[in-house]
Amino acid sequence: MCGIVGYIGDRPAYPILMTGLKRLEYRGYDSAGVSLLDGDAKVYKCKGKVSDLEQHIGEQDTHGFLGIGHTRWATHGEPNNANAHPHQSQNGNFILIHNGIIENYSRLKERLIDRGYNFQSETDTEVLVNLIEYIYLKGKVSAETAVRLALRKVIGAYGLVIICTDEPDQLIAARKGSPLVIGVGKGEYFLASDATPIIEHTKSVVYLNDNDIAVIRKEELVLNTLENNHFTPKVQTIDFDIGEIDKGEFEHFMLKEIFEQPRSILDTFRGRVKDDKIYLGGLFEAMPRLENANRIIIIGCGTSWHAALVGEYLFEEFARISVEVEYASEFRYRSSVIHKDDIVIAISQSGETADTLAAIKKAREAGALVLGICNVVGSSIPRETSGGVYTHAGPEIGVASTKAFTAQVTVLTMIAMLLGKNRKSLSDQKYRNFIGELKKVPEKIEEILLLNDLFHRIASLYKDVNNFLYLGRGYSFPVALEGALKLKEISYIHAEGYPAAEMKHGPIALIDKKMPVVVIAPQDASYDKIVSNIQEVKARGGIVIAVVNQGDKTISKIADHVFEVPSTDLALTPLLTVIPLQLLSYHIAVLRGCNVDQPRNLAKSVTVE
Ligand code: G6P
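These notes cover the structure that comes with them. Only a predicted model underlies this, so the values are computations on that prediction, with no experimental measurement involved. (Residues numbered from 1 in each chain as written. Predicted model: local features only at pLDDT ≥ 70, side-chain atom pairs only at ≥ 80, totals over all residues. Heavy atoms only, no water.)

**What to know about the pairing of strand β3 (residues 40-47)**
As judged from the eight bridges shared by strand β2 (residues 31-38) and β3, these two strands associate in the antiparallel manner. Paired with Gly-33 across the bridge in β3 is Lys-45. Taken together, β2 and the strand that follows it, β3, pair antiparallel across an intervening segment of one residue, in which Gly-39 is found at a positive phi of about 80°. (Pairing = 2+ DSSP bridges. Helix = DSSP H or I, 4+ residues; strand = E, 2+ residues; numbered from the N terminus.)

**Considering unusual backbone geometry**
Residue His-85 is joined to Pro-86 through a cis peptide bond whose omega torsion reads 0°. In this fold, Pro-86 is placed in the loop between β4 (66-72) and β5 (87-88). At Lys-140, a position not held by glycine, the phi torsion is positive, near 50°. Along the chain, Lys-140 falls in the loop between α4 (124-139) and α5 (143-152). Positioned with a positive phi, His-392 is a non-glycine residue whose angle comes to about 55°. One can find His-392 in the loop between β22 (388-390) and α13 (403-422).

**Things to note about the packing of aromatic side chains**
Applying the stated criterion to the full structure yields nine aromatic pairs. Note on Trp-305 and Tyr-327: the rings are 3.9 Å apart at their centroids and 15° apart in plane angle, and the pair reads as stacked. Here Trp-305, found in helix α9 (residues 302-319), pairs with Tyr-327, found in strand β19 (residues 322-327); they are 22 residues apart in sequence, far enough to count as distant. On the basis of relative accessible area, Trp-305 is assigned to the buried category, the value being 11%. For the pair Phe-455 and Phe-563, a centre-to-centre distance of 4.7 Å together with 90° between the ring planes defines the contact as edge-to-face. Linking Phe-455 in helix α15 (residues 452-462) with Phe-563 in strand β27 (residues 561-565), this pair joins segments that are 108 residues apart in sequence. An identical accessibility class is assigned to Phe-455 and Phe-563; each is buried. (Phe/Tyr/Trp six-rings, centres within 6.5 Å; stacked < 30°, edge-to-face > 60°. Buried < 20%, exposed > 50% of the residue type's maximum accessible area, 1.4 Å probe, protein only.)

**Some thoughts on the nonpolar core**
If you look at the biggest cluster of nonpolar residues, it comprises 92 residues, and the most contacted ones within it are Ile-296, Phe-315, Phe-468 and Tyr-470. In contact with Phe-315, not counting residues within four places along its chain, are Ile-296, Ile-298, Arg-320, Ile-321, Val-323, Ile-345, Leu-412, Ile-415 and Ala-416. Counting residues in hydrophobic clusters, the runner-up holds 32 residues, among them Ile-16, Met-18, Leu-36 and Ala-195. (Core = buried A, V, L, I, M, F, W, Y, C linked by side-chain atoms within 4.5 Å. Contact = heavy atoms within 4.5 Å.)

**Section: the site of the ligand**
Ser-304, Ser-348, Gln-349, Ser-350 and Thr-353 are the nearest of the 13 residues found near the ligand. Contact between the ligand and Gln-349: an oxygen atom at 2.7 Å from a main-chain N or O atom of the residue. Contact distances for the ligand include 3.1 Å between an oxygen atom and a backbone N or O atom of Val-399. Look at the ligand: alone it shows 390 Å² of surface, and the protein chains cover 90% of it. Within the shell around the ligand, the residues separate by chemical class into four nonpolar, eight polar and one charged. (Near = heavy atom within 4 Å. Polar contact = N/O pair within 3.5 Å; in protein donor to acceptor, adjacent residues only side chain to side chain. Areas by Shrake-Rupley, 256 points an atom, 1.4 Å probe, with all protein chains shown as cover. Nonpolar A, V, L, I, M, F, W, Y, C, P; charged D, E, K, R; others polar.)

Right, here's the structure in full:
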């Protein structure tokens, strides 16, 4: 969603801000803007992409060694020039960029209108910048104090960066519920909503915590809490390189990330699978409670929720612990029953999804032990949980999640195996065999990636259809859901995932000669049943694209097309069968001329509910 960049130092701020905004494009946005301070303040903003903003600015003055930039994903007010950030206060004293939502903005707005303020936009952000200015002018206080006092009146979430034109040697930043990272350079500082715009300048960063306020000058970073308690910045090192956020030789980030999976899965189990044992340091303290759990609840959104479903199958089969999987957005609001001895596992690529964070809070308040499986190091979810596992898949830039999914499933697999072994529901022999099979997954994915041209060819045959159905049973059911989601997200073709046996309770009515049905059918106990499902589709004239094991003799005779994947242990099949589906969606979307890395209306990190 919205992205923030900021710079203060001895270099011209404008190019640094624009490059930073381009790095943030992946988050999803619909307008962009910058502000530079060089004696006077300049604010440029417009609806559209960062390239539209560059055109809009053209030859206008971009001088300044201090500046802020923003990409906006509309929440309050449509995407237009007036609603784009930065927002300037009525008397011009403050300029502000904001991620998040000020929930009590309409009450604050009414009060400001009573005190003579007029508003140019429909945003909650303009209310905040005017509130800060009102307090600053009325109370004759410093900019920092005005920000602090204003934020105490605010209900909601924010990541903010503020310029005060009267105090032109500093930026002020504040965070509550929406991430902010400060990059520490030599005589310069960078600000961003995630580390991607910072990495090309410095690897030293300070992550702001909720209720922190930072005053940032060229030579100094001063941190205080909202209650005005000073504290020393904790400088950390970013754990990825600039190469990881470049497309390299690939046309799109999504394709690059699909092709990275052999390595990202290796990175996920590197150091954690040694000889024939699994070590998960982040779960060490939680292990006794996990082993004795009566119930595990796994929560997540989008693709992470699909990984959670695979987790349910894994945990129930190997650890014999009862599992419930819930959408975080449902779990947080419904009157869910949470016991003190429940374990809640939150899965999130970004570690910032608002619904997942709120669900974690609810579970914690009910006394459950909450653990996290996250990709982005230093993000909010790992801080809000009592332990967990980083997926270490590296930065995922494509909005449609690919390598994060397989990394999440790999982590869930390792936890299930370890729990199974410790609870003695999994024999040592099976545990060791399984680890051996897990280690072979990366090279098996390499084999599937060699078939890329085939996926492209099949994609070209079906790029113009309006509907797709995805079917699977057992471990392949969550994969069917994930395959359908990938297609919807990036190609805008309607697609549904279903448990194969449920087809006859509804989707079968949709099947006709124009309807491709993707069936995920590795050799497993329900193989014969899925063959029958395929026959049912064929009997109604449907087109079957099947994902099968190499050497499959039966389905390859009846399906219209088959994608072969190497055989593996059944519980590991999602890691392989999802790859052809990711590539099929990718090629269909490219052939339809869609913006694969930044699909319309979607955001990478959903920081609002
Ligand atoms: C958005 C993204 C999806 C992601 C979902 C959950 O919808 O576009 O790719 O699966 O959020 O995000 P999370 O970061 O919590 O995994």
